[in-house]
Structure formats: C-alpha cells, structure tokens
Amino acid sequence: MSGIDAALEPDALAEVAEHALDALSARAPAGAGVVEAQVHVGGQRHALTRFANSRIHQNLESETVAVTLKVAVGGRVAAASTTRTDRDGLADLADRALSAAEVRPVDPHWPGVAGPTADSDDDTDDRSARDEARWDEARWDEAVAAATPAERAAAVAAFLAEGTAGQDGAGYCDTLAAAVAVATTGGRRARGRWTRSTVDGIFLTAPEGAHTPAGHGHRSSVRLADVTGAAGAAGATAARLGAASRGAVDLPPGEYPVVLMPECVAEVLAFLAGGFSAKAVQEGQSFAVPGAPLFDPALTFVDDATAPGAVGLGFDSEGTARRRVELILDGRCGGLLHDRRTAARAPLDGAAPSAVTSTSTSTGTPTGTSTGHGHLASDEWGPAPAALQLSPGPASPGAPQGDDPALVAGIERGVLVTCFNYCRVLDPKTVEVTGLTRNGTFWVVDGRVAHPVTNLRFTQSFVEALGPGRVEAVGGAARLADCEWGPGLVRTPALRLSAWRFTGGAAG
Amino acid sequence: MFDLASAAVEGALAAGARYADARLVAARGQSLSCLNGEIEALDSGAEVGVGVRALLGSGWGFAALSEPTEAKARATGARAARIAAASTAVGRATAELVLAPVEVRRAEWRTPVVEDPFTVPLSEKCDLLVAATDALRAEPRVGLARAWMSADEYAKWLVSSEGHHIAQVIVHTGAGMDATAIGETETQRRSHPGAGGQYGSGGYELVRRLDLVGNAPRVAAEAAALLDAPPCPAAVTDVILEGSQVALQIHESVGHATEGDRILGWEAAFAGTSFLDPTQLGRLRYGSELMAVTADATVPGALGTFGFDDEGTPARAVDLVRDGIWVGVLSGRDSAAQLGVVPGGMVVGQGFSGLPMVRMTNVSLQPGPHRLEEIVADTDDGLYLATNRSWSIDDKRLNFQFGCEAAWEVKGGRLGRLLRNPTYTGITPRFWASMDRLAGGDEWVPWGIMNCGKGQPVQVAHTGHGAAPARFRGVRVGANAR
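Keep in mind it's a predicted model, so treat the numbers as computed, not measured. All residue numbers refer to position in the chain's written sequence, counted from 1. Numbering of ligands from 1 and lettering of chains from A proceed in the order in which they are written. For this predicted model, a pLDDT threshold of at least 70 governs which residues receive local features, and a threshold of 80 or more governs which side-chain atom pairs are given and counted, while totals over whole chains, interfaces and linings are taken from all residues. Hydrogens are left out, water is left out, and the side-chain values use all remaining heavy atoms of the structure.

Draft legend 1. Quick look at the sheet that holds strand β10 (residues 332-333) of chain A. Residue and element names in this part refer to chain A. Pairing between strands requires that DSSP locate at least two bridges from one strand to the other. Labels follow the DSSP assignment, with helices taken as runs of H or I lasting at least four residues and strands as runs of E lasting at least two, numbered in each case from the N terminus. One open sheet holds the six strands; their spatial order is β10-β9-β8-β11-β18-β17, and the pairing between them is mixed. If you trace the sheet from one side to the other, it starts and ends with β10 and β17 (479-481), each paired once. The sheet contact formed by strand β8 (residues 301-303) and strand β9 (residues 325-329) spans three bridges and is antiparallel. Residue pairing for β9: Asp303 is matched across the bridge by Val325. The contact definition used throughout considers only heavy atoms, calling two residues in contact when any of these lie within 4.5 Å. For every element, the axis is a line fit to its C-alpha atoms; helices are fit only across the contacting stretch, and the angle between N-to-C directions ranges from 0 to 180 degrees. Contacting β8, β11 (388-390), β17 and β18 (490-492), helix α8 (residues 262-275) crosses the sheet at an angle of about 125° to β18.

Draft legend 2. The arrangement of the pattern of salt bridges in detail. By definition, a salt bridge exists where a carboxyl oxygen of Asp or Glu is found within 4 Å of a side-chain nitrogen of Lys or Arg. Scanning all chains against the criterion turns up 57 salt bridges over all chains. In this structure, the salt-bridge partner of A:Arg191 is A:Asp11, at a minimum N-O distance of 2.7 Å. Within this pair, whereas A:Arg191 is found in strand β5 (residues 189-204), its partner A:Asp11 is found in helix α1 (residues 10-27), the two being separated by 180 residues in sequence. With a closest N to O distance of 2.9 Å, A:Asp92 and A:Arg96 form a salt bridge. Of this pair, A:Asp92 and A:Arg96 are both found in helix α2 (residues 87-103), four residues apart, which corresponds to roughly one turn of the helix. Burial classes: relative accessible area under 20% of the type maximum marks a residue as buried, over 50% as exposed, and values in between as partly exposed (1.4 Å probe, protein chains only). The exposure class of A:Arg96 is buried, given its relative accessible area of 18%. What you see here is one network of salt bridges that share partners, running through B:Asp238, B:Asp378, B:Asp436, B:Arg437, B:Arg471 and B:Arg473.

Draft legend 3. Spatial organisation of the interface of chain B and chain A. Tallying the contact residues gives 79 residues for chain B and 83 residues for chain A. Take the accessible area each of two parts loses on contact, using a 1.4 Å probe, and add the two losses: that sum is the buried area. When the two sides are added together, the surface that chain B and chain A hide from each other amounts to roughly 6600 Å², 48% of it contributed by carbon and sulfur. Taken together, chain B and chain A are joined by six salt bridges. Of the charged contacts in the structure, one is a salt bridge between B:Arg146 and A:Glu283, with a shortest N-O distance of 2.9 Å. Polar contact is defined as a pair of N or O atoms within 3.5 Å, subject to the rule that within protein one atom must be able to donate a hydrogen and the other to accept it, and that residues adjacent in sequence are counted only when both atoms are side-chain atoms. For the pair chain B and chain A, the interface holds 38 residue pairs in polar contact (both at pLDDT 80 or more).

Draft legend 4. Fine view of the packing of helix α3 (residues 122-136) of chain B against helix α5 (residues 212-228) of chain B. Residue and element names in this part refer to chain B. Across the interface, α3 lies against α5 with an axial gap of 8 Å and an inter-helix angle of 25°. In this view, α3 runs roughly parallel relative to α5, as classed from their interaxial angle. As for the relative orientation of α3 and α5, their crossing is right-handed in sense. Mapping the contact onto sequence places Leu128, Leu129, Ala131, Ala132, Ala135 and Leu136 in α3 and Leu212, Val213, Ala216, Val219 and Ala220 in α5. All residues other than Ala, Val, Leu, Ile, Met, Phe, Trp, Tyr, Cys, Pro, Asp, Glu, Lys and Arg, Gly among them, are scored as polar; the first ten of these are nonpolar and the last four charged. Residue composition of the contact of α3 with α5, by class: eleven nonpolar, no polar and no charged. Throughout, the term roughly parallel applies to angles under 35 degrees, roughly antiparallel to angles over 145, roughly perpendicular to angles from 65 to 115, and oblique to all others. Less than a right angle of anticlockwise turn of the near helix away from the far helix marks a crossing as left-handed, whereas a clockwise turn marks it as right-handed.

Draft legend 5. Seen up close, the side chain of B:Thr173. All names here are of chain B. Mapped onto the fold, Thr173 is located in strand β6 (residues 165-182). Overall, Thr173 belongs to the buried group, its relative accessible area being 1%. Of the polar contacts made by the side chain of Thr173, one reaches the backbone oxygen of Gly202; its length is 2.7 Å. Excluding anything up to four places from it in sequence, Thr173 contacts Pro117, Ser150, Ala151, Gln198, Tyr199, Gly200, Gly202, Gly203, Tyr204, Leu206 and Val207.

Draft legend 6. Highlighting the packing of aromatic side chains. Residues and elements named next belong to chain A. Pairing of aromatic rings covers Phe, Tyr and Trp, the last counted by its six-membered ring, and requires centre-to-centre distances within 6.5 Å; plane angles under 30 degrees mean stacked, over 60 mean edge-to-face, and any other angle means tilted. Per the stated rule, a full pass over the model turns up 24 aromatic pairs over all chains. Judged by centre distance (5.5 Å) and plane angle (80°), the ring pair of Tyr256 and Trp443 falls under edge-to-face. Placement of the pair is Tyr256 in strand β7 (residues 254-260) and Trp443 in strand β13 (residues 432-445), with a sequence separation of 187 residues. Note on accessibility: Tyr256 and Trp443 belong to one class, buried. Between the aromatic rings of Phe271 and Trp485, the centroid separation amounts to 4.8 Å while the plane-to-plane angle is 85°, which identifies the pairing as edge-to-face.

The structure is reproduced here in structure tokens:
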C-alpha cells in the first residue's frame, strides 16, 4: 500500500484485507479442518497539538496502518497483527496466526466468523451503497483529515485568548481520521471511515496552599469547524470556572445533593456501560438484570452509533453493524452489549427478550445476535460501548451546551461538580467507585453558587447514585463530553442527584 | 534500520530543525490469557515504524509513520520540522529551549535473557495457564479463574543530529493469575504474585519463577475466605503494607510526583501537576529518615531497565529521596535544563508512534533493616494489607485512597482475622513520614507495573519498583466502610 492518504481510504484498506486472506489461503495446511478467518485493517492519522503554561509544548502527528488477522482452524483460534501491508509482511502474519492456532486447544465458544451481509443466521445489515454514502457523510469530515498544524495551533490560540491575568492554559486540540476494512472468509465485507476533532483544556492559577484553582472547557465533534469555531467558547468556560475557583474553602465530608456537569456524568455512564457488557453479565460480575428497575425512571441511556452526531464507525471489528441498544429505559435495565462470542452464549444472560419493553423502534436484541460491540480485544475483555447517550430532559432555552443553570437552581444546599478525576472501581457488581473532583467544585446555597470548595474525594456506587428516586433533574442540553476513556464516547446532559457521598477532602 | 532513522533525522534538519532524533522501532509481542481452563486469547503482534522529534527554535514537533521506506522516513522528518514551526507560532514567549548536554554514544545494548520467551513452545505456555486456572477452580467458590502471560521485545535504532547511534533490544516477560469468588452481592479477588501479575526485563525464566500452579491453592482459598470475612472497619491504625502494595504506593505518590515535566506543569491538563515546588528541592521532607528512593534504569532484571533512554542518554541511577528529604527528579534533556539538574536518562516513548516523554524507570524504595516477621511481631494493634485492588490519587499526587484485596488484623504481634474490602487513605508526605519499619534483604522485590498511563494522547509504559513490606503509623483505614 503506498501513500499516506491510502491509510485513510477504505477501498485501499479493503484491498489489503483481501491480500491478507489470500496469504492465509495460500498457507492454510491441507486437511487441517475448516479454516475461518477475519481480517481487520485499520488506518489512522492522529494529530495532537498540546499546550501547557499557555504555550504549545508538544505537537505531534502519527500515521499508522495495522492489520489484525484472527484465524480458526478446526475451532482452534489465534490472532496476529502487523503494521506491514506488503506481501512478505502479510505472509508472516498468516504464518504466525496459523502456527499459534495449531497449538491452541479447541475453543468451545468460537462463534464462527460473520457471514455475508443479510445472512439470516446473523444480524441484518442491509445497508445499500447509497446508505453507506450517507453514513460516510455523517461520520467523516475531510477537513479533519486534512487539518494542518497551523489550524490546530489557531484553535489553541483561540482557547488561550480567553484566559485572564494570572491564568495559565493547558490542554490540547486534536484531529483524528480513521478508516477500517473488515473481511471474513464467510463473505462479510465492511468498510468505512470516521473523524473526530476535540479541543480540551483548563486554566489554572497560582496554588492556594494545597489547592490549585482551575476550570475546564471541552468541545468534540465529527467536524473540525464545530471545534475550531467553539475553541474560544471552551476557553471562556475554562477561564470563568478557573476564576470562580479562587478562594476555595474545605467542605466537610458527607452526603450532599449534587449537580454533576457533563464530564462527571460521562464518567459515571462510561463506568456503568461496563456493567452492560454481556461478558460481565455472563461472568456474574455485573449489576445488570434485564428488566430490573435499578435506576430512576427519568433515565434513558442508550448506546447508539446510528444517532446523529455520534462519533465512530457503523460496524464493529467483526464486521457486524452496530445496533442501537437501550441500556436503561425509563429506569429499567434493558439490553446488553454483545459481540459474536457473547451473543452465541446469550442464553446465559438470564432473561428472555420479552422482559425488555420499549416504545422505541429498537426493541432490544434477540438472543444470539451480536449488537456490533466487538473490538479487537473483546474475546478477553468483552464487548465495549461505542456511542453512549443519556437522553436530555426538557430543553432550557438559552442554556449553554451541557450547562443548565436550572439544575443548580434546584439545590438548597449541595455541591456543583464540573469534573471527576482518577476514578477507580472498588466493586464491579455495584459499580462502587472512588475518585476525586477537579477543575472547579462549588458549594451551592438556595440555588446559587456560594463559593468554591477544595477538591473532594468520593466513594459512591454509581448504580445507587442513579437509583429510583435519586435523579432530581436531567439537564436540557446534551453534548459530547470527555471521560477517562477519551472524548467522543459519551453524549450527555448534566444531572442533579439527591445524594452523593464525599468521603474526604484535601486534608485526607 | 539505522539508515531509516538517519533519513528521518536528515529530513528534519533539511526542513530547518536545529536538533532532531529518530527511533526506528521493530517490536513483537505475544500474549495469552486463560479463563476457567479455556484459552481466551492467543495473540501475537508485530509493528515497525519510525518516530522523529524535531526542534525548531523553541518548538518541538514529532511525527511518526508505520512501515517506512527511506523516502517516507525522510518525509516524516520534514513533517516533524513543519509541526515544530507551528509550535512556535502560538503562546507565551519564553527563553529559548535548551537541551542539557549528554554524552553522545555509539553503542549497542541488549536485555540479558536466559530463556528466550519466543522460543518456548506455545503449547507449553497454554498448558501452564490451563493448569493454573484448573488448580484455582479446585476451590468450589471460585467462579472466575484467570491466568495470563506475555512477552514483548522492542528493537530500537536511535539516531540523533548530535551523533547518537544506538541499537537496543529490550525484552519484557511476565505472567500472573487471579481467582475471583463471586458472592450474592459482591466479588472478592486474590491475585498472584501481585495484582496484574509480575513482570521484569528478561526471558521466560521470570515466568517459571512465579510457580503459578503451586500458589493456586492458597490464592483460591483466600478468595473464597474473603466472601465470609468481616469488612475492614473504619479506624485510624498502624498499617503494614505487603511489598507489591508498597510498590504501587511508590509509583503513585513518589514516582509521578517527582516527574520533572509534571513539576514544570507540562502534564497539567491531564495527569496533573505535583505538590513539589522546585525551590524546595534538597529541603522538603518527603518522608521519614528510613525513606530512600532511587530511580535506576540499571537494576538487573527490573522492568524499567534499559541501556539508553529514547534520547540516547545512558541509563543511570538518580536519588529522588534520601533520608526522607526530596533530592531529585525524573528528567529528560529539556526538563533537566529548566530545572537545573543533570538529565536523568528517563525519556521513553511507547512504540514508534509515542512521543518520547519523561517516564519512571525503576523507582524503588531502597531496602530497610527489618523483616516482615519482625515488623508484625513489633505491632501491637494494626492491620496487614496485601495486594492492590484499587487506586486513586489527586492531580497533585497528594490525596490518595488505595484499596487492597485482603487485610489481616495484627493483635499483640500476631496475624489474626481476615478482613475484606480494606482501604486506606492519606496525604503523601504525612503518610511517608509515618513509615517507621521497612523490610529488606530477600523480601525486597523489583515489582513490575505494566500499565502506567501518561500523556495526551495517552501512552502506556512499563515501570519497575523495588519494594519490601513496610509499616506506617496512624493511617486512616476503611474510608468506604458504612
């Protein structure tokens, strides 16, 4: 494969996939049993302009192509990957995969590779070429792929311009363009491409004892113009919050009503989504019981790569079209995220499809069907979310993206949290998580921000926090928010919750 | 391979860079995982690519490309220089960026390996993992028995515009296992040898030393017992930490805090800053006088060991804390120049596409004079906490909370009742100041951590931490107890 731009051309990647299958076919041992294979070819151009102390200090571009071949020889499964796309590299790839498969015990749960599109035994992916083109247009922005260091620098400059005296800016602007082609010996072919751009940053001021006042701003989108055009606004948010964070006082640990801004909610949702992975359920490590009313009825939480503005591909690493999965519908646990392996074991989910009720066009996933949430490591780690969304509440006219003053107005005495930091799971069954607040935490009295507080540690079950009766209000505007898994995964409004457990502060 | 790296450097210089370095990296890896007697994943990876840094004025640029040819490598170098030019166009003016001088070497280095992990038959590896998980599952209440191993080899060719010409082959190998007992409302896990396993620089001899099958009965029994154990109560008490937990404590509350780039604010937006102020270097009390921490990339067999970092600086030992006083930082050439220290040789990038940045090498708490048995015997009322289960620390590396897999009461100098869900919290310098007993000798182990995340975009590094059990007085435990 030649040329840097070829890495972003699905057709060029599809050609590499075919060559990989050809290399495998030429090397598969005769008489070894049925040989199945799945090839995933991913090309990516990722550029990131990073700044700290209000100047650009790291600036990078990386262009890579990776080929992953998974083979099953008589049910013995192994995978190999390479960044070489030449004939010898693909031959070595096939050799490594085959030699590893030869010694692996038969995999009793091998689901086989995906068959041709619209295979009746598999998901229905009936998209026509016209649909593919529409999908591509919605998920791809040529401006992102062609973005220059100067354009990213200009976005950084716009962010930094919003800082006030004494404020130092730190963060990044990035552009990510990616293309994927998947091919299987069963006849599945899928190809596509997607883009994302982000500006994310903070403004800090001089430390006040152990506390450093800071504020955060973030914008992500499929489209470059949405981000570069909003870089100043993101900077203004960060500067405003950073300024408002000066003079913070300690707050005693305890349970308080909270307003969680989108970055916090995104963190909560990303952790909860792990419990909706079918592998976690099948292993007994999840809270999710389809149909169980574990959550507040105000919540509708889906994974929907087909939704407008969603970032990423419309199919997974196995070539399965991504389905909309209603994870929480009106407070009840809904469907699970499946790949082909977990779908084949789906009766272990413990619930029949009829247990899931829905008024949407998607009624949950029939047992035994992948939802298109496989990835290159899902055999070991389980299916993963692709495009999480929490439905917003009634619109608040004029509310900035994701910021909803009406939520704060509903708090008598409580805490407004803008970001979480370093969250880690204590117990996967309850999603009890410990973490800290960051980049602006405020004490609210009678519906108004009274003063900033120093960062707090929390220890909270996310399932409990969003439980029945615990969600007092859902913000009226949702946006793509950052989380520990990165930008572009979660679209969410802010939330007001009746209680959140803070277990410590700056003093320990 | 040197030709490709050289072409990249030449491309950067031709495009106006005043300094450039390039790494051609050819890496291969193999990983296996087993769940409940079935191999879940058997993967082998290979990658080759070039990563180039260019310095133009005071602006850095970095560009990386997979599957390079000489022409593409040269073009990638030129691209790095163009990116560097854009770096200088925005932001606050500063003094010209200086790279602290380092010895320029032409050299080769290779990780000493006794048993090449890539020649051990895959069938033998699979059989070991299956046997380990089968042994774990002999305990009926163990619902999930996992075992895994991996081997990674990084061949690097480094060229710089100053004349560096270094070839290295670095090998990391390791394995581990854990047993998860699943109760009605919670799960309990025990791991061996530590959470995530144990890794080092070396070959398959590292895996054989772990004796996965031999340790399985103990690990499984403890996991099951935890389901019935009472929860760790909330208290302020003396805490003895097992060695692998001390290793993580060092990583989170010393290693990251002493990274020079964090101290300079370069990681502020993501990983955070540090509570350390450069003006306090040489004066700040970090911990008790028992506390001596060294960053040393020459420790035989430790995970963070190499011959030269990714700037070509020879591996060396740097004291970070001596007699409890903060005396050093982790640094690269640019951060060292700003902080006024000698470069530490601690700049590493992930693969070929990771921007080289300051990383921990082997950040170790030097061994003490005691033994665990003595420490326990000397403790009248406390807890012994073993094996990490969760970790969380604030953006300045001050306020932390760690959870461990298991704890045992210590009463009258003896280990007693098992407790589940133990956690402890603290503030970094207060915590280290409370350390009054520290083991050493053969109880000092160079633990390996495989998942150190840092940077934007995030990179994952492998770091080493020599540590032994230690006692800390008056620690708050059970913060999540209700």
